[in-house]
Amino acid sequence: MNFEKTLVIVKPDSFSNRNIGKVISEFEVENLRVIGAKMLLLNEEEASEFYAEHLGKPFWEPLLDFMTSNPILVLAISGENAIVRSRQLIGKTNPAIADPGTIRRKYASDNRHNAVHGSDSPESAKRELEFFFPDGEGIFSWEDKEYFL
């Protein structure tokens, strides 16, 4: 079995549309476990650091404005092949062309207001989890058996 951890961000539009619980449920139904969670309001510096790879792109400023507009919920998700399975469950960035049944198809309105973010590779998952959960703080492991009973 290939158990992995990945990061999912429930974005500001999911807060304003009251879809937080629905989004979390989508992962749980697929046997992906929430092993860590933090609700926070990103400031511009934090958003800039997290999305540094997009610096200079035309959508940079609108992305920062959006990601700092409302709280976000960051989730550490674990399960077998969690990265690929989460990305499949999330769907394509553009909800209009995302597969039926995906989170973005159900809960997103456009490319920016697309409900969730999910790490796209093991390297990204490691970096992104460390960004929000430094040194694994606040993340349970599968060995914490009482939590998973």
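Residues numbered from 1 in each chain as written. Predicted model: local features only at pLDDT ≥ 70, side-chain atom pairs only at ≥ 80, totals over all residues. Heavy atoms only, no water.

Novice: Any details on the overall build of the chain? Residues and values, ideally.
Specialist: Summing up its helical and strand segments, the chain has 7 helices and 4 strands in all. Ordering the α and β elements of the chain from the N terminus gives β-α-α-β-α-α-β-α-α-β-α. Rg of the C-alpha trace for the chain: 15 Å, near the compact-globule value of 15 Å for 149 residues, within the 12% margin. When the backbone C-alpha atoms are referred to their principal axes, the chain occupies close to 45 × 35 × 25 Å. Residue burial in the chain is summarised as follows: out of 149 residues, 44% are buried. Across the chain, every contact between residues at least 6 apart in sequence was considered, and the portion connecting residues at least 24 apart equals 77%. (Helix = DSSP H or I, 4+ residues; strand = E, 2+ residues; numbered from the N terminus. Rg over C-alpha atoms; globule rule 2.2 N^0.38 Å. Buried < 20%, exposed > 50% of the residue type's maximum accessible area, 1.4 Å probe, protein only. Contact = heavy atoms within 4.5 Å.)

Novice: Account for helix 5 (residues 82-90), naming residues and giving values.
Specialist: Among all positions in helix 5, only Ala-82, Ile-83, Ser-86, Leu-89 and Ile-90 are buried. All buried residues of helix 5 fall inside an arc of 135° around its axis, so they share one side. In this structure, the buried residues of helix 5 make contact with strand 1 (3-10), helix 2 (20-29), strand 3 (72-80), helix 6 (103-107), strand 4 (116-118) and helix 7 (122-132). (Arc of directions from axis to C-beta.)

Novice: Could you give an account of the pairing of strand 3, naming the residues involved and the relevant values?
Specialist: Of all 9 residues in strand 3, 8 are buried; the element is thus mostly enclosed. Two strands pair when backbone bridges link them, and strand 1 and strand 3 are joined in this way by 8 bridges, in the antiparallel orientation. Each bridged residue has a counterpart across the sheet, and for Ile-9 the counterpart in strand 3 is Val-74. Relative to strand 3, strand 2 (residues 33-40) runs antiparallel, the two being bridged by 7 bridges. Opposite Gly-36, over in strand 3, you have Ala-76 as the bridge partner. (Pairing = 2+ DSSP bridges.)

Novice: Describe the nonpolar core, and please don't skip the residues or the numbers.
Specialist: Ranked by internal contacts, the top residues of the largest apolar core, which has 19 residues, are Val-23, Phe-27, Leu-75, Ile-77 and Ile-103. Contacts of Val-23, omitting those with residues within four sequence positions, involve Val-10, Ser-14, Ile-103, Tyr-107 and Val-116. Grouped together as the second largest cluster of nonpolar side chains are 18 residues, Trp-60, Leu-64, Phe-66 and Val-74 included. (Core = buried A, V, L, I, M, F, W, Y, C linked by side-chain atoms within 4.5 Å.)

Novice: How would you sum up the packing of aromatic side chains? Please name residues and give values.
Specialist: One pass over the full model with this rule turns up 4 aromatic pairs. With centroids separated by 4.8 Å and ring planes inclined at 75°, the aromatic side chains of Phe-131 and Phe-132 adopt a geometry described as edge-to-face. Exposure remark for Phe-131: the relative accessible area of 26% places this residue in the partly exposed category. We classify Phe-132 as buried; its relative accessible area is 5%. Through pairs of rings, three or more aromatic residues link up here, namely Phe-50, Tyr-51, Phe-131 and Phe-132. (Phe/Tyr/Trp six-rings, centres within 6.5 Å; stacked < 30°, edge-to-face > 60°.)

Spatial relationships are all this shows, so hold off on functional conclusions.
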